[in-house]
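In case you want the letters, here they are:
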Amino acid sequence: MSSAGHFHQKSSSERKVVFEYFAPQAENVAVAGTFDDWKPYLHPLHKDRGGKWHVELWLAPGRYEYLFFVDGIWQNDQKPVECIPNPFGTWNCVLKVQS
């Protein structure tokens, strides 16, 4: 899998995770979290004609925190997911990847 010019060889234990965000007016949407050291430029989402953005990532089993980066602003997932407080006074979403 390639992502922003970086190649990633998935291991047999990694699982495909699909991130989706609906923002028809947005210019740029990315996802970042503890799985990539909070670097939103590593995983940009791709927009379909209906305004839904998506990307597939391969992640090892574990618990991750994440947010979407929409036109330069951190946003929570639009789906009902577990969230926990972060040190900045807002919330991070939680993703659990099963083995």
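This text gives an overview of the structure that appears in the document. In this text, all values refer to a predicted model and were calculated from it rather than measured experimentally.

1. Concerning the packing of aromatic side chains
If you walk through the whole model with that rule in mind, you get eight aromatic pairs. Between F69 and W74 the ring centres are 4.6 Å apart and the planes differ by 55 degrees, which places this aromatic pair in the tilted class. F69 gets classed as partly exposed once you look at its relative accessible area, which sits at 23%. Looking at W74, the relative accessible area reads 38%, which means it is partly exposed. A connected cluster of aromatic rings, assembled from ring pairs, spans F19, Y21, F35, Y64, Y66 and F68.

2. Let's talk about the pattern of salt bridges
Under the criterion given, the structure shown has five salt bridges. Salt-bridge contacts for E20 lead to K79; the nearest nitrogen and oxygen are separated by 3.3 Å. With E20 in strand β3 (residues 15-22) and K79 in the loop between β8 (73-75) and β9 (83-85), this pair connects stretches of sequence that are 59 residues apart. In this structure K79 comes out as partly exposed when scored by relative accessible area, which is 42%. The shortest N-O distance in the salt bridge between K39 and D37 comes to 3.2 Å. Looking at K39, the relative accessible area reads 29%, which means it is partly exposed. In this structure, a network of salt bridges that share partners links the residues E20, K52 and K79.

3. Concerning the environment of E27
Structurally, E27 is set in the loop between β3 and β4 (29-33). Classification of E27 as exposed rests on a relative accessible area of 61%. Along the primary structure E27 and G72 are separated by 45 residues, whereas in three dimensions their C-alpha atoms are 9.7 Å apart. Aside from chain neighbours lying at most four places away, what touches E27 is W53 and D71.

4. Observations concerning the nonpolar core
One finds F19, V31 and F68 to be the most contacted residues of the largest nonpolar core, which totals 21 residues. Listing elements by their share of this core, those giving two or more residues are β3, β4, β6 (52-59), β7 (62-70) and β10 (91-97). Per-element tally for this core: the top contributor is β7, with five residues. The residues contacting V31, other than those within four sequence positions of it, are F19, D36, P40, H43, L45, V55, L57, Y66, L67 and F68.

The rules behind these values
- Residues numbered from 1 in each chain as written.
- Predicted model: local features only at pLDDT ≥ 70, side-chain atom pairs only at ≥ 80, totals over all residues.
- Heavy atoms only, no water.
- Phe/Tyr/Trp six-rings, centres within 6.5 Å; stacked < 30°, edge-to-face > 60°.
- Buried < 20%, exposed > 50% of the residue type's maximum accessible area, 1.4 Å probe, protein only.
- Salt bridge = Lys/Arg side-chain N within 4 Å of Asp/Glu carboxyl O.
- Helix = DSSP H or I, 4+ residues; strand = E, 2+ residues; numbered from the N terminus.
- Contact = heavy atoms within 4.5 Å.
- Core = buried A, V, L, I, M, F, W, Y, C linked by side-chain atoms within 4.5 Å.

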